[in-house]
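Coordinates in review
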Amino acid sequence: MKTSGIAADQRCPKPLDRAVIFLGPPGAGKGTQAKELARFFRVPHLSTGDMLRENIAQGTPLGIQAAPIMKRGELVPDSLVLKMVAHRIEQPDCMHGFVFDGFPRTVAQAQYLMILLRQNGYKPALVVHFVIDPALLLRRITGRRMCKVGGEIYNIYERPPQCDLRCDHDGGELIQRPDDREEVVGPRLLAYQRQTEPLVAYYRRLGRLHEVNAAKSVDQVKQEVLDIVRGSR
Ligand code: AP5
């Protein structure tokens, strides 16, 4: 099993006890870092993208509605996403906090989340904004490969697996997401600019926003994120 890269003596036994939100454009590294932070604090990594892809794979009514929308690189309607998230954070494994990756993505989602967290007794979320030059994103997105079994994230250019197209953790087949094709990247970035980027100003006004330089290496970003989360507890 691959380790988080964070030294064992740095492991923090104190619970996270809050929601952490990773905000940033497609390919900025949110999923990669959310997995690391969730492992570190032993809390769930809640990726709305993964949840939707799971629904698609299982052919649920939600998956059937979401599939064509995601294929076009557009956002799935709030009405569908909010119900899914509300159900997930009520599960007992979320009791000591969780890491959101890809949620919220609209101001309406953020407003709903604030109410949901309050209702479930959580303190206000901490928001980490992944700042990156858009020119770097295409290579990251088109080079990404995901493990079909455990969802581990690789990149054929930057973070290749040790064995060709097999996951280092569980040997699962590595696949390319349908929305990672070059022609879908433009619409995804546009959706981010129009619908999600306003959240940067929204959370900044609330005094919740912390920025990381997402162009740095995975280990450097990991350390920046950890410093922010530990410093804000
Ligand atoms: P989702 O799955 O959330 O995708 P995304 O937000 O577009 O983000 P990505 O997963 O593309 O990128 P990431 O930032 O996680 O980067 P990663 O760590 O993988 O959403 C998919 C779709 O679902 C949406 O388009 C929408 O349709 C729908 N959806 C989801 N949530 C929704 C919501 N709340 N509301 C409505 N619709 C929703 O890294 C990318 C690559 O870069 C990898 O190959 C990785 O190995 C590499 N990499 C990572 N960090 C580094 C680094 N520091 N240096 C070099 N390479 C790196």
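Procedures and definitions
- Here the residue index of a chain counts from 1 through its sequence in written order.
- With the structure being a predicted model, the display of local features is reserved for residues of pLDDT at least 70 and the display and counting of side-chain atom pairs for 80 or more, all residues being used for whole-chain, interface and lining totals.
- Note that water and hydrogens are dropped before the side-chain values are worked out from all heavy atoms of the structure.
- Buried means the residue's accessible area, taken with a 1.4 Å probe over protein chains only, is under 20% of the maximum for its type, while exposed means over 50%, and partly exposed covers the values in between.
- The helix and strand labels rest on DSSP assignments: H or I over at least four residues marks a helix, E over at least two residues marks a strand, and numbering proceeds from the N terminus.
- What the arc covers is the set of directions going from the helix axis to the C-beta atoms.
- Residue contacts are defined here by distance: any two heavy atoms, one from each residue, within 4.5 Å place the two residues in contact.
- If DSSP finds at least two bridges between two strands, the strands pair.
- Salt bridge, as used here, is a side-chain nitrogen of Lys or Arg placed within 4 Å of a carboxyl oxygen of Asp or Glu.
- For our purposes a nonpolar core is just a set of buried Ala, Val, Leu, Ile, Met, Phe, Trp, Tyr and Cys residues, chained together by side-chain atoms within 4.5 Å.

Moving on to helix 2 (residues 48-58). Every buried residue belonging to helix 2 is among T48, G49, M51, L52 and N55, and all of these are buried. All buried residues of helix 2 lie within an arc of 165 degrees about the axis, which places them on one face of the element. Along helix 2, the residues that are exposed and aim more than 90 degrees away from the buried face are A57 and Q58. Those residues of helix 2 that are buried are in contact with strand 2 (45-47), helix 3 (61-71), helix 4 (78-89) and strand 3 (98-101). Two residues or fewer after helix 2 comes G59, characterised by a positive phi angle close to 70 degrees.

We now examine the sheet that holds strand 6 (residues 153-155). Taken in spatial order, the three strands make up an open sheet running 6-5-7, and their pairing is antiparallel. Across the chains shown, the open sheet's two edge strands, defined by having one partner strand only, are strand 6 and strand 7 (174-175). Looking at chain direction, strand 5 (residues 144-147) and strand 7 are connected through two bridges and run antiparallel. Bridging across to strand 7, C147 finds its partner in L174.

What follows concerns the pattern of salt bridges. This model, assessed by the stated rule, comprises 16 salt bridges. Salt-bridge contacts for R188 lead to D180; the nearest nitrogen and oxygen are separated by 2.8 Å. Its relative accessible area of 11% is what places R188 among the buried residues. Among the salt bridges present, the one from E211 reaches R204, with a minimum N-O distance of 2.9 Å. Note on E211: relative accessible area 42%, which makes it partly exposed.

Ranked by internal contacts, the top residues of the largest apolar core, which has 35 residues, are V76, I89, F98, F100, L117 and Y203. When residues of this core are traced back to their parent elements, those giving at least two are strand 1 (19-23), helix 2, helix 3, helix 4, strand 3, helix 5 (107-119) and helix 8 (198-205). Take this core: its biggest share by element is seven residues, from helix 4. If we ignore the near neighbours within four places in the chain, the residues touching L117 are A19, I89, F98, Y122, K123 and A125. Of all hydrophobic cores here, the second largest spans 25 residues; its members include V20, F22, I132 and I228.

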